[in-house]
Amino acid sequence: MAPALSLAPGDALGILGSGQLGRMLAMAAAQLGLRSVVYAPESGPACDVAARTIIAPYEDDAALAELAACVRVVTYEFENVPAHTAEFLAARLPVRPGPAALATTQDRAVEKRFLNGQGIPTAPFLEVDDAAGLAKALSALGRPAILKTRRFGYDGKGQIMIREGMDVAQSWAALGGVPCILEGLVPFTREVSVVGARGLDGSFAAYDVCENAHENHILALTTVPASMAPDTAAQAVAMAARIAGALDYVGVISVEMFHVVDGAGERLVVNEIAPRVHNSGHWTLDGAVTSQFDQHVRAVCGWPLGSTRRHGRVEMRNLIGHDADGWAALLAEPGACLHLYGKHEARAGRKMGHVTRIFPE
Ligand code: AMP
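For every chain, the first residue of the written sequence is number 1, and numbering continues from 1 onward in sequence order. Since the coordinates come from a predicted model, pLDDT governs what is reported: local features require at least 70, and pairs of side-chain atoms require 80 or more to be given and counted, while whole-chain, interface and lining totals use all residues. Values reported for side chains reflect all heavy atoms of the structure, with hydrogen atoms and water molecules removed beforehand.

Caption draft 1: Quick peek at the packing of aromatic side chains. Pairs were defined over the aromatic rings of Phe, Tyr and Trp, the Trp ring being its six-membered one, requiring ring centres within 6.5 Å. Orientation was assigned from the angle between planes: stacked under 30 degrees, edge-to-face over 60, tilted for the rest. Applying the stated criterion across every chain yields a total of four aromatic pairs. Ring centres 5.7 Å apart and planes at 80 degrees place the aromatic pair Tyr207 and Trp283 in the edge-to-face group. With a gap of 76 residues between them, Tyr207 in the loop between β10 (204–206) and β11 (210–215) and Trp283 in the loop between β14 (265–274) and α9 (284–287) connect regions that are remote in the sequence. These aromatic residues form a ring-pair network of at least three members: Tyr39, Tyr58 and Phe78. Only runs of H or I of at least four residues qualify as helices and only runs of E of at least two qualify as strands under DSSP, and these elements are numbered from the N terminus.

Caption draft 2: Seen up close, a nonpolar patch on the surface. Residues with no salt bridge and a relative accessible area higher than 30% make up the patches, which join like charges within 9 Å and nonpolar side chains (Val, Leu, Ile, Met, Phe, Trp, Tyr) within 5 Å. Where accessible areas are quoted, they stem from the Shrake-Rupley method and a 1.4 Å probe; at the residue level, only the protein chains shown are allowed to cover. Salt bridge criterion: a side-chain nitrogen from Lys or Arg within 4 Å of a carboxyl oxygen from Asp or Glu. A cluster of nonpolar residues, Trp327, Leu331 and Leu340, forms a patch on the protein surface that exposes about 320 Å² of accessible area. With respect to the secondary-structure elements, Trp327 resides in helix α11 (residues 327–332). Only protein chains enter the calculation, and the probe is 1.4 Å; a residue is then buried if its accessible area is under 20% of its type maximum, exposed if over 50%, and partly exposed in between. Judged by its relative accessible area of 46%, Trp327 falls in the partly exposed class.

Caption draft 3: Main features of the domain arrangement of the protein chain. Domain limits in this description derive from either an automatic procedure or a database domain assignment. According to the domain assignment, the protein chain contains domain 1 (12–95), domain 2 (124–184) and domain 3 (190–359). Each of domain 1 and domain 3 was reduced to a C-alpha centroid, and the two centroids are 22 Å apart. We call two residues in contact whenever any of their non-hydrogen atoms come within 4.5 Å of each other. Every contact between the two is made by 19 residues of domain 1 and, on the other side, 20 residues of domain 3. Carbon and sulfur atoms supply 70% of the area that domain 1 and domain 3 bury against each other, a total of about 1700 Å² over both sides. Buried area, as used here, totals the accessible surface that two parts lose on assembly, with accessibility defined by a 1.4 Å probe and the loss added over both.

Caption draft 4: Structural detail: the pairing of strand β6 (residues 145–149). The buried fraction of β6 is high, at five of five residues. Across the two faces of β6 the burial is the same, with Ala145, Leu147 and Thr149 and Ile146 and Lys148 all buried. By definition, two strands form a pair when at least two bridges between them are found by DSSP. When β6 meets strand β7 (residues 159–162), the two strands line up antiparallel, connected through four bridges. Counted as the bridge partner of Leu147 is Ile160 from β7.

Caption draft 5: Geometry of the site of the ligand. For this description, a residue counts as near a given molecule or strand if any of its non-hydrogen atoms is within 4 Å of it. If you check the shell around the ligand, you find 16 residues, and the closest are Lys148, Gln159, Glu183, Val186 and Glu191. Val186 has a polar backbone atom sitting 2.9 Å from a nitrogen atom of the ligand. A distance of 2.5 Å separates an oxygen atom of the ligand from a polar atom in the side chain of Glu191. When the ligand sits alone it has 480 Å² of accessible area, and the protein chains cover 89% of it. Looking at the shell around the ligand, the elements that each hand over two or more residues are β6, β8 (180–184), β13 (251–262) and β14. Looking at which domains feed residues into the shell around the ligand, each of domain 2 (124–184) and domain 3 (190–359) supplies at least three. Pairs of N or O atoms are called polar contacts if they sit within 3.5 Å, as long as, within protein, a hydrogen donor faces a hydrogen acceptor (for residues adjacent in sequence, only side-chain-to-side-chain pairs).

Caption draft 6: Region of interest: the pattern of salt bridges. Per the counting criterion, the structure on display carries 17 salt bridges. In this structure, the salt-bridge partner of Glu79 is Arg276, at a minimum N-O distance of 2.6 Å. With Glu79 in the loop between β4 (73–76) and α3 (83–90) and Arg276 in the loop between β14 and α9, this pair connects stretches of sequence that are 197 residues apart. Considered together, Glu79 and Arg276 belong to a single accessibility category, that of buried residues. Where Asp248 meets Arg198, a salt bridge forms, and the shortest distance between an N and an O atom there is 3.3 Å. Within this pair, whereas Asp248 is found in the loop between α8 (230–246) and β13, its partner Arg198 is found in strand β9 (residues 190–198), the two being separated by 50 residues in sequence. Classification of Asp248 by relative accessible area gives exposed; the value is 57%. A cluster of three or more residues bridged by salt bridges with shared partners is formed by Asp107, Arg113, Glu127 and Arg150.

Caption draft 7: A look at the sheet that holds strand β1 (residues 12–16). Across the sheet, which stays open at both edges, the four strands sit in the order β3-β2-β1-β4 with parallel pairing between neighbours. Edge positions in the sheet fall to β3 (52–55) and β4, since each of these pairs with one other strand and no more. On average, each strand axis in the sheet is inclined to that of its neighbour by 25 degrees, with strand direction left out of account. Pairing geometry for β1 and strand β2 (residues 35–40), over five bridges, is parallel. Following the sheet pairing, Gly14 is matched in β2 by Val37. To get an axis, a line is fitted to the C-alpha atoms, and for a helix only the part in contact is used. The angle between two axes follows their N-to-C directions and goes from 0 to 180 degrees.

The structure is reproduced here in structure tokens:
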């Protein structure tokens, strides 16, 4: 492992992935006087704003060596960076967040065992490796329950809800027969997330808890602050800090949680950790002193974290598919802050941009 180091303005930062998160990271890096080199198998929105682009497969050692030679630290916009890629780079220069964060968050079973080991509640779950195992897990957890692939799930992909009467073998086949977990249903009131950052010196700074509403399994609306008791919000942030500390994490981390409100009071159940900037943190571009992208760049460069103070009550709405066709009206709306990702084709379900609105508290 290469030694810890701090960058200086003028240095170059490597970003794995060429999507909108990479784009907003590269823009934040540029604002802080850094140059970004985007590395991805295909061109994307980040390439338009990077100083340099390397288009090559993640398994191409010669291209990875070229990246390692021209940047001082590497980060990434997505959690499915292949282990080989992370290890190859980490042997040559700092990769932040480190490979341990990737290994823990790429596999739902490993992630949930890690969380439970930290005393953090998750949905009840069982590992399932075949149809017979699914039948056993369903008897233990009951129906309905959610079958999720251990790896490569996002935006509701790689999961199905198994209800009363559904056939076990068919349900197993529906996800392709890959290793899965079966999760018991959490009777949540709302979904929330904590977006926070851990610096190279171990400092931790979180934004206020975000409340997230999904449509068709895709984030539609984030409002901040989330409706919850101040004690519960403090617990949510403490959980994120504990997770980041246990992973010896550097960078922005996002922790998705279920907020359960019932006769027993309020509690939090962690659903998922994203070792990266997160869609539910996009509001920080306009609604906080330091955006999540600036914060991530600061952290991975070994710089002090910035203030996470909000400018008001904030709403961030995603522009999915043809929603983005309304760009002219959004530009004309006083107070609406429009962000478009420069994607050429508005396919259904594709995140094209977002709009933020800030209101007095
Ligand atoms: P995930 O891919 O794990 O983030 O799940 C996608 C969405 O499915 C979540 O945002 C929830 O709305 C729902 N969901 C996932 N797991 C559970 C669960 N154990 N109980 C209730 N709802 C869930």
